[in-house]
Amino acid sequence: MGTLSDIGVTPPLLPLKDGLVVETSGEGMFPHPFDDGAVMKLPIGAGLTIDWAPIRSNALVLALWAGTPERHSDEAIATVLSRPQVQQLILALMSIDAQMGSL
């Protein structure tokens, strides 16, 4: 699990160590990133919609919605990221892409 913080993520960002349990309801059991040993049941959608807005010279608000316009949910998150955190996110996604290419 990687955290985008002032400390940063060091690629490669590896997949979940113990895999993913998906229930018949379409929800997944994910390890809680901050509460060791706890799990969270999260809905799993298909696709992603993204928006962003600058809020100061070196930061933005990034909003992510589950799904696409044709098939969507109201599941969403918005977070403030600095430019270095955006760069870390890009590196993490590039790491994931590289690993998918070798599957």
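Definitions and limits used
Residues numbered from 1 in each chain as written. Predicted model: local features only at pLDDT ≥ 70, side-chain atom pairs only at ≥ 80, totals over all residues. Heavy atoms only, no water. Helix = DSSP H or I, 4+ residues; strand = E, 2+ residues; numbered from the N terminus. Buried < 20%, exposed > 50% of the residue type's maximum accessible area, 1.4 Å probe, protein only. Areas by Shrake-Rupley, 256 points an atom, 1.4 Å probe, with all protein chains shown as cover. Pairing = 2+ DSSP bridges. Axes fitted to C-alpha atoms, helices over the stretch in contact; angles between N-to-C directions. Contact = heavy atoms within 4.5 Å. Expected span 1.5 Å × (residues − 1). Arc of directions from axis to C-beta. Salt bridge = Lys/Arg side-chain N within 4 Å of Asp/Glu carboxyl O.

With respect to the overall build of the protein chain
Counting its regular elements, the protein chain contains one helix and six strands. Helices (α) and strands (β) of the protein chain occur, in sequence order from the N terminus, as β-β-β-β-β-β-α. Expressed as a percentage of its 103 residues, the buried residues of the protein chain come to 13%. Here the protein chain has roughly 8,000 Å² of accessible surface; of this, 60% comes from carbon and sulfur atoms.

Some points on the sheet that holds strand 1 (residues 21–22)
In spatial order, the strands read 1-2-3; together these three strands make up an open sheet with antiparallel pairing. In this open sheet, the two edge strands, each paired with only one partner strand, are strand 1 and strand 3 (39–43). Note that strand 1 and strand 2 (residues 27–31) share two bridges and pair antiparallel. Looking at strand 2, one finds that Val22 is bridged to Gly28.

A closer look at the sheet that holds strand 6 (residues 72–82)
An order of 4-5-6 is seen for the three strands of this open sheet, with the pairing classed as antiparallel. Either end of the sheet is taken by a strand with one partner, and the two such strands are strand 4 (48–56) and strand 6. Within the sheet, the average angular offset between the axes of one strand and its neighbour, ignoring direction, is 15°. Summarising the sheet, strand 4 and strand 5 (residues 59–67) pair through eight bridges and their orientation is antiparallel. Among the inter-strand pairings, Thr49 is bridged to a residue of strand 5, identified as Trp65. Helix 1 (residues 83–101) contacts strand 5 and strand 6 of the sheet and is inclined by roughly 125° relative to strand 6.

Focus on helix 1
Helix length check: helix 1 (19 residues) gives 27 Å between terminal C-alpha atoms against 27 Å at 1.5 Å per residue, within 8%. For helix 1, the full list of buried residues reads Gln85, Gln88, Ala92 and Ser95. Along helix 1, the residues classed as buried sweep out an arc of 75° about the axis, all on the same side. In helix 1, the exposed residues that point more than 90 degrees away from the buried face are Arg83, Met94, Asp97, Ala98, Met100 and Gly101. Lining the buried residues of helix 1 we find strand 6.

Structural notes on the pattern of salt bridges
The full count for this structure, using the stated rule, is one salt bridge. When the shortest N-O distance is used, the salt bridge between Glu23 and Lys41 registers 3.3 Å. Pair noted here: Glu23 is in the loop between strand 1 and strand 2 and Lys41 is in strand 3, with a separation of 18 residues, a long-range link.

Concerning the side chain of Ser95
When you line up the elements, Ser95 lands in helix 1. The class of Ser95 is buried, set by a relative accessible area of 8%.

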